[in-house]
Structures are given as C-alpha cells and as structure tokens.
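What follows is each chain in one-letter form.
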Amino acid sequence: MSRARPPPLVTGISPKEGPAWTKVTIRGENLGTGPADLIGLSICGHNCMLTAEWMSASKIVCRVGPAKDDKGEIIVTTKSGGLGTSTVSFKLLRPERIGILEQSAVWVDEVNYDMRTNRNKGISPFSLRPSNPLGIEMDKSKVPQKDLEQIFPGMSGDFTSENFSASWYLIENHAGSGFEQLKVAANNLKKQATKKNEGSLAYVKGGLSTFFEAQDALAAIHQRLESDGTEKVEGSMTQRLENILNRASDTADTLFQEVLGRKDKADSTRNALNVLQRFKFLFNLPLNIERNIQKGDYDVVINDYEKAKSLFGNTEVAVFKKVYAEVETRIEALRNLLLEKLLQTPSTLHDQKRYIRYLSDLHAPGDPAWQCIYAQHKWILQLMQNCRDEFISGKRVGVGALDLEGDTRLAALGRLGHSASLKRGGSLRSARPSTWRFETPQQVQFVEKLSDVVIGQLPNFWKLWISYVNGSLFSETGEKSGQVEKSKKNARQRQNDFKKMIEELTNRLVKLIRGALLPTTLPQGELNVYGGWEDKTELTGAWFTQIIHTVRGCHEALSTLEIPNDLLQVIQDLLLELRVHCLMVTLLHTSEDVKRLAEKEDWVVDNEGITSLPSKFEQCMVHMLQSLKEPLEIKPGEINVLLLDQVQDQAAQLSVSIMKVFINCLEQLSTKADEDFDVSHNVSVDLSSPDRFSSIQDGFIPTSEQRLLIILSNCQYLERRTFLNLADHFEKHGLTGTEKINRVSVDAVRELDAKLFEAYIEKRADPIAGSLEPGMYAGYFDWRDCQTPTGVRNYLKEALVNIIAVHAEVFTVSKDLVPRVLSRIVESVADEMCRLMQCVSSFSKNGALQARLELSALRDVVVAYLNPDSNASFKQALDSLPQLHSGADKKLLEELLNKFKSSMQLQLTCFLPSNVQPIKR
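With that settled, consider the overall build of the protein. The helix and strand tally for the protein stands at 31 helices and eleven strands. The buried share of the protein, reckoned over its 921 residues, is 42%. Sequence-distant contacts in the protein: of pairs separated by 6 or more residues, those separated by 24 or more amount to 75%. Looking at the protein as shown, the accessible area adds up to about 50000 Å², and 52% of this sits on carbon and sulfur atoms.

A word on the pairing of strand 11 (residues 89-92). Only one face of strand 11 is covered, namely the one carrying Phe 90 and Leu 92; the face carrying Ser 89 and Lys 91 has none of its residues buried. The sheet contact formed by strand 2 (residues 17-18) and strand 11 spans two bridges and is parallel. From the neighbouring strand, Glu 17 faces strand 11, where its bridge partner is Lys 91.

By the secondary structure assignment, Asp 889 is in helix 30 (residues 887-903). For Asp 889, a relative accessible area of 12% puts it in the buried group.

Now for the environment of Met 501. Of note, Met 501 is situated in helix 16 (residues 495-517). For Met 501 and Tyr 374, which are 127 residues apart along the polypeptide, the C-alpha to C-alpha distance reads 8.4 Å. Every residue in contact with Met 501, bar those within four places of it in the chain, is listed here: Trp 370, Ile 373, Tyr 374, His 377 and Phe 461.

A few words now on the nonpolar core. Inside soluble globular proteins, nonpolar side chains tend to come together where they are buried. In this structure, Leu 517, Phe 617, Val 821, Met 837 and Phe 911 are the most contacted members of the largest nonpolar core, which totals 187 residues. The element contributing the most residues to this core is helix 19 (residues 565-595), with 13 residues. Ignoring sequence-local partners within four residues, the contact set of Val 821 consists of Leu 709, Phe 757, Tyr 760, Ile 761, Val 806 and Val 810. Ala 20, Val 24, Leu 31 and Leu 41 belong to the second largest nonpolar core, which has 20 residues in total.

In this section: the pattern of salt bridges. Applying the stated criterion across every chain, the model contains 32 salt bridges. Between Lys 321 and Glu 316 there is a salt bridge whose closest N-O contact spans 3.4 Å. Note on Lys 321: relative accessible area 42%, which makes it partly exposed. Among the residues examined, Glu 316 registers a relative accessible area of 66% and is labelled exposed. The partner of Glu 667 in a salt bridge is Lys 755, and the shortest N-O contact between them spans 2.5 Å. One end of the pair, Glu 667, is in helix 22 (residues 645-671); the other, Lys 755, is in helix 24 (residues 738-770), with 88 residues separating them in the sequence. Each of Glu 290, Glu 326 and Arg 330 takes part in one network of salt bridges that share partners.

Since the α-helix turns once every 3.6 residues, residues separated by three or four places project in the same direction. The first and last C-alpha atoms of helix 13 (residues 442-470) sit 42 Å apart over 29 residues, in line with the 42 Å expected at 1.5 Å per residue. The largest bend along helix 13 measures about 25 degrees and falls at Leu 458, with the proline Pro 459 one to four residues further on. Downstream of helix 13 by a residue or two, Gly 471 has a phi angle that is positive, lying close to 80 degrees.

A few words on the packing of aromatic side chains. Under the defined criterion, the tally for this structure stands at twelve aromatic pairs. In this arrangement the basic side chain of Arg 793 is found over the ring face of Phe 781, its NZ or CZ atom lying 3.8 Å from the centre.

Together, Leu 218, Ile 221 and Leu 225 make up a nonpolar patch on the protein surface, roughly 260 Å² of accessible area in all. With respect to the helices, strands and loops of the structure, Leu 225 is situated in helix 5 (residues 208-228).

So, about the packing of helix 13 against helix 18 (residues 541-559). Closest axis-to-axis distance for the helix 13/helix 18 pair is 10 Å, and the angle between their directions is 5 degrees. On the basis of their axis angle, the class for helix 13 and helix 18 is roughly parallel. Of the residues in helix 18, those touching helix 13 at Val 444, Val 447, Glu 448, Ser 451, Val 454, Ile 455 and Leu 458 are Trp 543, Gln 546, Ile 547, Thr 550, Val 551, Gly 553, Cys 554, Ala 557 and Leu 558. Its residues assigned to classes, the contact of helix 13 with helix 18 shows eleven nonpolar, four polar and one charged.

When pLDDT is averaged across the protein, the result is 78; 82% of the residues are at 70 or more. For the stretch residues 98-128, pLDDT sits under 50, and the model shows 40 contacts to residues farther than four places along the chain or on other chains. Residue range residues 397-437 is modelled with pLDDT below 50. Its contacts to residues more than four positions away, or to other chains, number 56 contacts.

The residue after Ser 14, namely Pro 15, is reached through a cis peptide bond having omega -5 degrees. Within the secondary structure, Pro 15 is located in the loop between strand 1 (9-14) and strand 2. One non-glycine residue, Cys 44, lies in the positive phi region at around 55 degrees. Residue position: Cys 44 is located in the loop between strand 4 (38-43) and strand 5 (46-47). The phi angle at Trp 603 is positive, at roughly 65 degrees, despite the residue not being glycine.

For the rest of this paragraph, the subject is the sheet that holds strand 1. Taken in spatial order, the five strands make up an open sheet running 6-7-3-1-10, and their pairing is mixed. Two strands in the sheet have a free side with no partner beyond their single neighbour: strand 6 (53-56) and strand 10 (85-86). Two elements, strand 1 and strand 10, share two bridges in a ladder whose sense is parallel. Each residue of the ladder has a partner; that of Val 10, found in strand 10, is Ser 86.

Counted at 1.5 Å a residue, the expected span for helix 26 (residues 794-813) with its 20 residues is 28 Å, and the 29 Å between its end C-alpha atoms agrees. The buried fraction of helix 26 amounts to 14 of the 20 residues, a majority that puts the element mostly inside the structure.

We now examine the pairing of strand 8 (residues 71-78). Counting buried positions along strand 8 gives six out of eight residues, so the element sits mostly inside the fold. Taken together, the five bridges between strand 4 and strand 8 define a ladder with antiparallel strand orientation. Looking at strand 8, one finds that Ser 42 is bridged to Ile 75. Here three bridges tie strand 8 to strand 11, and the two strands are oriented antiparallel to one another. Across the sheet, residue Lys 71 finds its bridge partner in strand 11, namely Lys 91. Across two bridges, strand 8 lies against strand 9 (residues 82-83) in antiparallel orientation. Note on strand 9: the bridge partner recorded for Thr 78 is Gly 82. Hairpin geometry of strand 8 and strand 9 is characterised by an intervening segment of three residues between the two adjacent antiparallel strands.

Cut-offs and rules
- Residues numbered from 1 in each chain as written.
- Predicted model: local features only at pLDDT ≥ 70, side-chain atom pairs only at ≥ 80, totals over all residues.
- Heavy atoms only, no water.
- Helix = DSSP H or I, 4+ residues; strand = E, 2+ residues; numbered from the N terminus.
- Buried < 20%, exposed > 50% of the residue type's maximum accessible area, 1.4 Å probe, protein only.
- Contact = heavy atoms within 4.5 Å.
- Areas by Shrake-Rupley, 256 points an atom, 1.4 Å probe, with all protein chains shown as cover.
- Pairing = 2+ DSSP bridges.
- Core = buried A, V, L, I, M, F, W, Y, C linked by side-chain atoms within 4.5 Å.
- Salt bridge = Lys/Arg side-chain N within 4 Å of Asp/Glu carboxyl O.
- Expected span 1.5 Å × (residues − 1).
- Bend = angle between axes of the 7 residues up to and from the residue.
- Phe/Tyr/Trp six-rings, centres within 6.5 Å; stacked < 30°, edge-to-face > 60°.
- Lys NZ or Arg CZ within 6 Å of the ring centre and 35° of its normal.
- Patch = residues over 30% accessible without salt bridge, like charges linked within 9 Å, V, L, I, M, F, W, Y side chains within 5 Å.
- Axes fitted to C-alpha atoms, helices over the stretch in contact; angles between N-to-C directions.
- Parallel < 35°, antiparallel > 145°, perpendicular 65-115°, else oblique.
- Nonpolar A, V, L, I, M, F, W, Y, C, P; charged D, E, K, R; others polar.
- pLDDT = per-residue confidence, 0-100.

Below, the structure is given as structure tokens:
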C-alpha cells in the first residue's frame with residue numbers, strides 16, 4: 001500500500017550524548033504533519049512518546065528515558081510515513097552512584113534518586129511499568145506495525161497509554177501463547193491486583209504493636225506536659241527536653257561538620273560541572289562562530305545560532321544573557337559581512353542566492369534580495385557605460401588588444417570569418433592584407449563587446465528577480481519564518497520598479513548603439529553621453545550587416561528568458577532602423593563602387609562585342625543584393641522594411657541612381673581623351689583590314705571611335721540582358737519598384753545610346769559625305785561638258801572604301817551594330833548625293849549618263865543598308881537627272897555597272913549577307 005508521504009528520516013540530534021532524562025532536539029525530514037501524526041518515538045530502544053513534543057516536520061523535542069542500550073538509533077514513526085530510519089545515534093551515559101561519605105567531583109544525576117520534596121505526588125509511569133505484566137513467557141509477533149495500526153485505528157499496544165488495546169498487546173507480545181498460558185497470565189493479574197489492595201493493610205498489621213507502644217508513649221508525654229504546664233521555665237520538662245535536643249544537634253553537627261562540608265563542596269562542584277557540561281554549547285558558541293566564519297561554514301553558524309536562540313533567547317540567567325549578547329554581536333558582524341559580499345560585483349548568481357538565503361536565515365533587517373537586485377542593476381549600467389568610454393578614449397585600439405587575459409574576442413572573429421563573402425564586387429577589390437583581422441572598426445568591436453556584457457549579465461539579473469518573485473531564494477527556515485510570503489509581497493509591490501530597471505537597461509543598450517552608429521536619431525542633449533564617435537571609421541554595409549547579426553543575437557538571447565516583448569521593443573525598433581540604414585549605406589557604397597568600375601575597363605570585347613564591364617557591373621549589383629540578404633531577412637517579431645513606403649521610395653531612388661552612375665561611367669569612358677590613357681605601346685591599325693585587331697596585345701588603347709562603338713555595344717547589352725537580369729535579382733531578393741527602376745534605367749541607357757551613336761555617325765559619316773563634293777568636281781569637272789562615261793569615278797570608289805572601313809571597324813566590334821551604323825552612313829551619303837545632284841543647273845547627255853551611273857552604282861552596292869530616307873534621297877537624285885531615252889545609253893549604263901561591280905567584287909563583299917563571325921580578341 002503506497003504512503004502519502006515518504007518515511008521519516010532523522011539526520012541530527014542535539015546533544016548527541018547524555019544521561020537519562022536529557023532533553024534533546026531531533027532534526028530531520030518528514031517527521032510528521034502534526035502532533036497527531038506522530039505515533040512513535042524511540043531512542044536507544046526506549047519509547048519516548050510520553051515526553052515527545054512535535055515542533056515541525058523537521059524538528060521534535062523530547063527527553064531520553066532510561067534505556068537498556070548505551071547507544072542506539074533514533075526511530076520516528078508517523079501515520080503518514082510509517083516507520084522511519086536514522087543516520088545518527090545517541091549515546092546514553094551511565095552515572096556512578098556516590099556514597100554520602102565518599103568524596104567525589106563527579107556529578108550524580110538526581111533523577112536516579114527519589115528526591116521529590118512532595119512525596120504525595122505520583123512518580124513517572126516509567127518507574128511503575130513492569131517488564132512483563134502477565135508473568136508468562138513473551139512471544140513477539142511478526143505482524144507489521146502498520147497492519148496493527150490499520151486493525152486498531154487510534155489505539156495502542158502500550159499498556160501505559162490512554163488508548164491501550166489489550167487485543168493489540170496480546171497480538172504483539174503473545175501471539176504464540178496457548179490457552180493454558182493465557183489462563184496462568186489471568187491468574188497472575190488477579191494476584192497482582194489482590195496484593196496491591198492488601199499491601200497497605202498488611203503493613204499496618206505487621207507494625208500494630210509498635211503503633212500501640214508509640215500511642216502509649218505519646219499519651220504519657222501528654223499527661224506529663226499537662227501536669228508540668230506548657231510554659232518553658234527553667235527545670236521544666238519542656239526546657240530540659242529542648243536542651244537535650246540542642247545538645248544532640250550540636251554533637252551531630254560536630255560529628256558530621258567535616259563530612260557535610262565536603263558534601264556541600266562536592267555538590268557545588270558537581271553543580272558547576274553540570275552547568276558547564278549542559279551549557280558548554282552556549283559558552284563555546286562565540287568562539288565557534290568566529291572559527292566557522294573564517295572557514296566559510298555559514299550554514300553551521302546559522303544552525304548553531306538558531307539553536308542558541310531557541311534555548312537562550314529569552315533566558316533570565318545573567319551569565320547566559322552575557323554570553324548570548326556576545327553571540328548576537330558576532331551574528332550582527334556576520335550579517336554585515338554577508339551583506340557586503342552580496343553587494344560586491346561581479347558575483348555569480350549561485351553566490352547571490354546563497355548570501356540572500358544566509359541573510360534571511362539570520363533575520364537580517366531590510367530586504368537583502370532587493371538590495372542585491374538594485375546593486376546589480378547599477379553595476380550593469382556602469383559596465384555598459386564603461387564599455388563606451390573605453391572605446392571613445394582610445395584604450396581599445398584593435399581586436400587583438402582586447403582582454404589580453406584570455407578573452408581575445410575569438411567568438412567575434414569567428415563570426416567575421418565569413419567576411420570574404422561580404423566583399424563587394426568579388427575581384428573588384430584587392431586581396432585582404434594578412435592583418436585584416438585586426439582592422440575591425442571600433443564601432444563593430446564596441447557593439448560586440450556591449451552585446452557580450454548584456455548577454456553575460458542580464459540573464460542572471462532576470463533569473464535573480466524570478467527567484468525573488470517565487471520565493472526560491474529562501475531556505476526551509478525562511479519558509480517557516482514567513483520570509484517567503486514577505487518576499488512575494490515585496491516583489492508584487494516592486495514589480496513596476498523592476499520593470500523600470502529592465503527598461504533602463506534596454507534603453508541604455510539602444511542609446512549606446514545609436515550613439516555609435518545612428519547619432520542623428522538621438523536628441524542633442526544625449527549626444528555628449530552616448531555620442532563621441534565622429535572621428536571613427538565610416539562603416540560599410542558589410543560591417544552594418546555584422547552589427548545587425550550581433551544585435552539580433554542579443555535580442556534572441558534576451559527573448560529566451562521570457563522577458564515581456566514590450567520591454568524588448570526598443571531593441572526591435574533599433575534593429576529596424578539599423579536594417580534600413582544598412583540598406584541605404586550599402587546602396588550608397590555600391591554607387592561608389594560602380595563609379596570606380598571605369599578604372600576596370602580593359603576594352604577587350606568578346607564574340608558578342610561586349611567588354612567585361614557590364615558583367616562586372618552585374619556582379620557588383622548581385623554581390624550587393626547578397627550582402628543585403630541578412631539585413632532584409634525577416635526574423636520573428638520583425639517587419640519587412642521593404643514594405644515601408646519611405647524605404648521603398650529611397651531604395652528605388654538609390655537603385656536608379658546606381659544605374660545612372662554606371663551609365664554616366666560609360667559616357668565618361670566614351671568622352672575620355674586619348675592622352676588620359678596610359679599608352680604602354682603604340683599599335684598601328686589599318687582600318688581597311690578586317691584582321692586589324694589580330695595582333696592586339698594586352699594594354700591596347702582604342703581610338704575614340706572604337707570606344708564609341710564598344711560602349712554602344714555595351715549599351716545594347718545592358719538594355720537587352722543586364723537590366724533584365726538585375727530586375728530578376730531585385731525581385732528574388734524582395735526589392736520593390738523593379739519596374740520603375742528598369743524603366744528609368746532603360747530610358748537612360750537609350751538616351752546615352754542615341755547620343756553616342758550620333759557622335760559616332762558624326763565622326764564617320766561627315767568626312768565621307770564631305771569628301772563627295774570635292775572629289776566629284778576634281779579636275780574642274782563639269783556636268784554640262786564631259787566625255788562619254790567609261791566607268792565610276794574615283795571619288796565614289798574612295799567613298800565606298802571609307803564606308804567599307806567603317807563596316808570593318810563596326811563588324812570587328814559587334815556585327816549587330818553593322819546594319820544600324822551602315823544605314824545611317826548610307827543615309828548621310830545618299831542625302832549628300834541628292835543635294836549635289838539637285839544643285840546642278842543642267843546636265844549634258846554624257847553628264848546625265850555619268851551621274852546616273854554613279855548614283856546607280858552607289859545604290860546597288862549598299863542596297864542591303866538602305867532605309868526609307870536613303871531610298872527617298874536616291875529617288876530624288878535620280879529624278880533630278882534627265883531621263884535616258886536611248887537604248888544604247890541604257891545598255892552602256894548596264895555594262896558600266898557590271899564592270900564596276902566586277903572590278904570591286906572583293907571590296908564589295910562586305911555589303912553582302914555573310915555568316916562570318918567577328919574575330920575574338
């Protein structure tokens with residue numbers, strides 16, 4: 001059958017030895033739920049229930065009876081827990097009897113003698129209890145005690161108990177006795193009862209004669225006194241009797257004076273020794289307290305003090321008062337020492353709880369737990385401020401110099417181990433120097449150190465408060481004395497005060513970080529306390545990402561403590577602003593990186609006519625977005641910063657600005673003067689040769705026209721590929737406003753494309769068109785007076801060769817640009833030819849034939865690149881010429897055209913559709 005409570009366990013007894021009837025204090029666990037629950041107590045095998053006084057579940061007071069065993073265990077039995085066990089024992093001292101004439105300094109315990117002054121009072125039942133009241137052989141039963149308790153609830157097998165049960169006694173002591181033996185036992189009980197009733201009468205019968213003699217003597221004395229009178233006169237019988245008695249007394253005093261003196265002296269000595277023996281605990285206590293304090297055994301001191309207080313706290317004995325006052329003085333010094341240790345910083349949570357429990361058990365005045373909480377709060381605030389002051393004053397100059405005693409910030413360096421992935425632009429940056437780990441900006445070091453302080457101290461501070469609230473700071477003694485309830489009441493009253501402490505700590509953390517990273521968000525009056533970082537290094541987006549990671553870790557660590565969210569909201573607000581600031585700083589720094597991309601242009605084109613610049617630009621943007629992945633990530637309790645209207649607008653504007661910066665970078669490259677390039681060696685290029693770039697080595701410096709073509713090709717690639725790819729990356733990383741960014745970027749690159757295209761056409765078309773008129777009228781040529789045409793004149797051939805050179809130049813860079821460029825070149829040439837023909841006042845027959853031959857030859861050669869405008873120009877030019885009516889003229893015109901095409905077949909091949917790929921450089 002299961003018990004409601006564990007069995008009793010005795011763990012201590014004080015004192016541990018003494019004679020019979022010594023008062024002892026028993027301590028242990030589960031010693032009963034109340035006086036009624038205690039049903040058994042034995043010391044050294046003797047039942048002590050009659051003198052037992054239940055104090056609490058951990059304390060019982062009783063007197064040790066005259067047990068048979070000199071040493072034995074202390075066994076407690078309760079209804080709720082049953083038969084208990086003991087880990088300690090009691091030693092019963094056996095005093096020797098001292099004769100009246102023997103001198104001795106050994107104390108004789110009076111309880112062994114019948115020294116009662118009033119003999120009419122009854123003596124203890126223990127002295128009257130026979131060992132075997134039935135007078136037959138005892139046969140102890142093996143029936144368990146708990147079963148007997150269930151069979152006879154509320155009864156006892158002890159025949160001296162008021163609830164004595166004869167059935168219980170017989171089952172327990174005579175379970176194996178037969179019926180005949182029980183009949184003998186019944187006769188023995190009758191005899192004992194008869195003897196007890198007849199005892200006084202037999203005593204009277206035996207001394208009846210003596211009684212009569214005494215009666216006669218008293219009667220004779222009475223008659224004599226009546227005859228002599230009752231006054232005491234000299235010679236009277238009364239006087240003589242008194243004198244005789246006095247002499248007898250003096251003789252007796254003389255005979256026994258020395259013996260009685262020795263007895264009185266022995267009595268005094270015995271009394272003194274008895275007092276010292278019985279109260280040596282009190283007399284030795286001040287010295288023991290001092291020794292135990294020096295050893296740090298505060299539990300022993302508190303236990304001894306509680307014992308002394310319960311025994312001598314209200315004593316009226318002067319010597320006890322004096323010694324107890326000395327004990328109180330030592331205890332007061334211990335209270336002050338423990339309070340000093342409690343308020344010392346730094347201190348572990350375990351030590352704080354231990355000192356609070358000690359002070360509670362010592363009944364220290366005030367509220368030590370709250371004093372400790374307040375001191376810890378002030379200390380953490382000072383630690384945080386000292387951290388900022390150290391960095392501002394320049395005492396902490398690098399990661400490697402931090403905490404040389406052991407804390408070299410390896411944890412922080414480990415978190416920065418992935419910094420290589422945070423470098424923007426990949427190959428755009430030079431390799432980190434070997435000492436880069438020691439170049440962490442001080443603001444980053446400060447935030448990490450500050451976070452370590454908060455994570456290291458605030459959890460214990462919070463746990464100390466929780467222990468204060470639930471009363472777990474106090475021992476079992478504190479529970480009995482009402483300290484727990486008092487603590488809970490104080491905690492309820494001070495809940496708002498502690499909330500303000502947490503708010504002050506989190507606000508101080510946030511303000512210190514704001515002062516280092518976001519000083520503009522602080523009021524002007526707080527900058528002197530939290531600012532002062534103006535001369536420190538400006539942080540990049542990568543370092544802000546590291547800071548966000550650190551602050552998030554701090555917030556998560558505090559959240560696990562179940563601190564209310566409203567107390568941590570200021571950290572969430574700080575994280576939001578840090579994430580927004582990181583986004584803006586990263587975009588701004590990316591703009592600077594993009595601006596420096598012009599320095600990375602090597603002018604080497606691939607098969608598509610594209611240099612590495614668009615790819616580097618795309619890589620730079622992708623790295624930027626990847627570096628923003630952690631800041632833009634939405635942790636529990638955070639909001640999406642990109643959903644904020646103001647952030648959306650600013651991010652979109654900065655993204656557009658980055659695109660425009662790159663477009664401006666392209667424009668600057670196109671307008672850069674040749675002398676601004678570092679020409680390592682000169683290269684002679686024949687623009688009329690298709691393989692002119694075959695021998696170009698690294699360090700090639702293109703001409704301004706070639707740069708225009710290369711940048712035009714890059715612009716087309718940006719519009720066709722790069723911007724679309726970036727739009728996908730923007731959407732993938734959650735950036736909004738992608739359509740606007742793409743639209744503005746495309747418009748800007750188209751504007752630059754048109755501008756550069758016109759610049760190139762102006763550089764290439766104007767010289768060709770300008771050379772037509774001088775070549776046409778070279779040698780004083782006159783359309784009204786010319787010979788029969790023999791072929792296309794040289795000026796037109798030179799113009800075609802120049803167009804072929806332009807074709808070769810464009811084709812070498814990008815074949816996709818050829819139709820666009822050649823169409824405009826042809827349009828410009830056609831327009832100029834139209835103008836020149838319309839300016840001629842009149843043509844002779846041969847002049848008209850010559851002009852038609854040259855216009856037709858030019859139109860037929862560039863027919864693949866004609867557009868509506870150039871077609872219209874050719875038509876207007878031909879319409880301005882006299883018509884050919886003669887068949888011979890038409891035939892001659894056709895023959896001369898065929899002759900021209902045949903003679904320049906090789907040169908004109910470039911104007912035909914071709915599958916030839918541009919040469920890769």
